[in-house]
Amino acid sequence: MFWKGSKAAINTDPEELAKRGLDPQAVADARKSKEERWFLMKLDIFLLTFGCCSQVIKYIDQTNINNAYVSGMSEALALNGNQLNYFTTYFNVGYCLFLIPSQVMITRFRPSLWLSGLEFFWGILTGCIAACKSANAIYVLRAFIGVAESSAYPGTVTLLMTWYTPLEMAKRIGFYHSMQAVGSMMSGAIQSGINSSLDGTHGIAGWQWTFIINCIMTLCIAVLGPFMIPDFPDRPNPWARWLTPRDKEIVRARLARFTRESPNPINIACAVRTFKNPILYMMIYIYVSALIAPSGNGYFSLWLKSLKDANGKAVWSTVALNAIPIGGSAMQLAAVWIFAFGSDLLRTRWLMLIPQCLIGLTACIIMTIWNVPNSAKYYSYFILYFCTASGPPLWAWMSDMLPRDAEQRAFIIAVCISLYYAINAWSNVLIFPTVQAPHYKYGWPVCIVLWITPRNYRIAQEVAAENAVVATQSYEGQQVEQTDDKVAVEDPKSSASSVRVLAV
């Protein structure tokens, strides 16, 4: 466990802390001046608020296809095969193909314009789905929606890593990440409300109203981005009038205090440096498996729709099919806050992942057996929502290991998420085919394997920390080569101490 005791007894010597495997940044004096607290509040009000609103809208736009499918869309368009899987597949293809280019662009172009512009674009495309008459038209739109939405999550996480310090980061990333659950809850609630109040209004079906309303909401948020996103600390957004000259001085002081830097443009040297770094492969392995393992909860509504009473009548109405999963999203929201706040409070990252593995494993074993009471299946579907909170601790962990190399952090995020979507583009069709609903013979055993695959996070942390030292020294060496007037490189011990990860 991280050192605890009275303030007077804290040893802040970097070399001593490094020997004990502790992060000197994490025991730095956390007291803030009144000016810094005011700046931090403004940063939360503008950057974090925009990011959260955008994430809610993104997740509504991303998941509304599932709600629309069980709310009349499948009957209206005569969808009776794996089209729902393919809607996800085409979205994933667009998402993964454009994610890395988008992360490169965000380091070369103003994030306030890049993120807002793409959000405006995907809002328009979402509204167009309401006019589709065939699955093929939806495939095309979903692919381009994936292209546009690929910028939102990794781009915002990159900004949060740049503006917030290690003791502030996991909470903010967690709060932002939790908006996925809020978006999912709102999506179900909106669909339920539309079916009961707007279905058939002006000759437009309820599922079509879903996309029209989503479009309007998305456009309203997108137009605020150029004024709320501050861009990067070393090149702030001139349209963000809330960011004062004194705030910019405070930002520079915070970056220096915690050895953080704004990202330089991602280039070939950064890509080479990243692919040589074992941290990349550790992050890919953990991130991809942690997302696919609980993914069976995405088919909760199809199982609910399959339930019949003794007379062969559907147990749940269309409104209920959209409302019941809201409870699972509420559990996801709670889990993200618990694990993200716990990560900063206990000053650990990897321990926040272990409970999710153990809980998820139990649920997937129950679903693999299948011949169990429905109450056990309800439990399994709901509890899997609690196991979808790995992102915030994982990204904060990666930032702790690479505090100096901001562009490598941005590139690793892009590669991890891109690979997840590339794998999910075909894996969901193979392991969770709609035609097998509600019993997926292959999906649940595959998820068990992902939960139980040996993953000693503590060893991974130690190995990654040692390689982080090498990676940071390599980064510093490249910076020296690129700067003619720089005459010396920092002492290796100092570099090593600046990249030690949060330990337990």
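What counts as what
- Residues numbered from 1 in each chain as written.
- Predicted model: local features only at pLDDT ≥ 70, side-chain atom pairs only at ≥ 80, totals over all residues.
- Heavy atoms only, no water.
- Disulfide = S-S within 2.5 Å.
- Buried < 20%, exposed > 50% of the residue type's maximum accessible area, 1.4 Å probe, protein only.
- Helix = DSSP H or I, 4+ residues; strand = E, 2+ residues; numbered from the N terminus.
- Core = buried A, V, L, I, M, F, W, Y, C linked by side-chain atoms within 4.5 Å.
- Contact = heavy atoms within 4.5 Å.
- Patch = residues over 30% accessible without salt bridge, like charges linked within 9 Å, V, L, I, M, F, W, Y side chains within 5 Å.
- Areas by Shrake-Rupley, 256 points an atom, 1.4 Å probe, with all protein chains shown as cover.
- Salt bridge = Lys/Arg side-chain N within 4 Å of Asp/Glu carboxyl O.
- Phe/Tyr/Trp six-rings, centres within 6.5 Å; stacked < 30°, edge-to-face > 60°.

Undergrad: What should I look at first to understand the state of the cysteines in this one?
TA: What makes a disulfide is a covalent bond joining the sulfur atoms belonging to two cysteines. Overall, the coordinates contain 0 disulfides when judged by the stated rule. Here Cys 132 stays free of any disulfide, with the sulfur of Cys 128 as its closest cysteine sulfur at 7.6 Å. Look at Cys 132 and you get buried, because its relative accessible area is 6%.

Undergrad: What exactly am I supposed to notice about the environment of Gly 72 here?
TA: Counting through the fold element by element, Gly 72 comes out in helix α2 (residues 34-76). Taking the C-alpha atoms as reference, Gly 72 lies 8.7 Å from Thr 318; in sequence the two are 246 residues apart.

Undergrad: Help me out: how do you make sense of the nonpolar core in this one?
TA: Generally speaking, nonpolar side chains in soluble globular proteins are found buried as a group. Ranked by internal contacts, the top residues of the largest apolar core, which has 130 residues, are Met 283 and Trp 395. Ranked by residues supplied to this core, first place goes to α2 with 15 residues. With residues near it in sequence (within four places) discarded, Trp 395 still touches Tyr 153, Val 157, Met 161, Ile 173, Tyr 287, Ile 413, Cys 416 and Ile 417.

Undergrad: What is the right way to look at a nonpolar patch on the surface in this model?
TA: A grouping of Phe 120, Ile 124, Val 223 and Leu 224 is seen on the molecular surface, where their side chains present a nonpolar patch of about 330 Å² in accessible area. By secondary structure assignment, the location of Ile 124 is in helix α4 (residues 111-128). When its relative accessible area of 38% is taken as the criterion, Ile 124 is described as partly exposed.

Undergrad: Sorry, what's going on with the packing of aromatic side chains here?
TA: For any pair of aromatic rings, the description consists of the separation of the ring centres together with the inter-plane angle of the planes. Scanning all chains against the criterion turns up 29 aromatic pairs. Their ring planes at 85 degrees and their centres at 5.8 Å tell us that Phe 275 and Phe 411 sit as a pair that is edge-to-face. Of this pair, Phe 275 sits in helix α11 (residues 268-275) while Phe 411 sits in helix α19 (residues 406-431), and the two are 136 residues apart along the sequence. Geometrically, the ring pair formed by Phe 300 and Phe 382 is edge-to-face, given 5.1 Å between the ring centres and 80 degrees between the ring planes. With Phe 300 in helix α13 (residues 300-306) and Phe 382 in helix α17 (residues 374-385), this pair connects stretches of sequence that are 82 residues apart.

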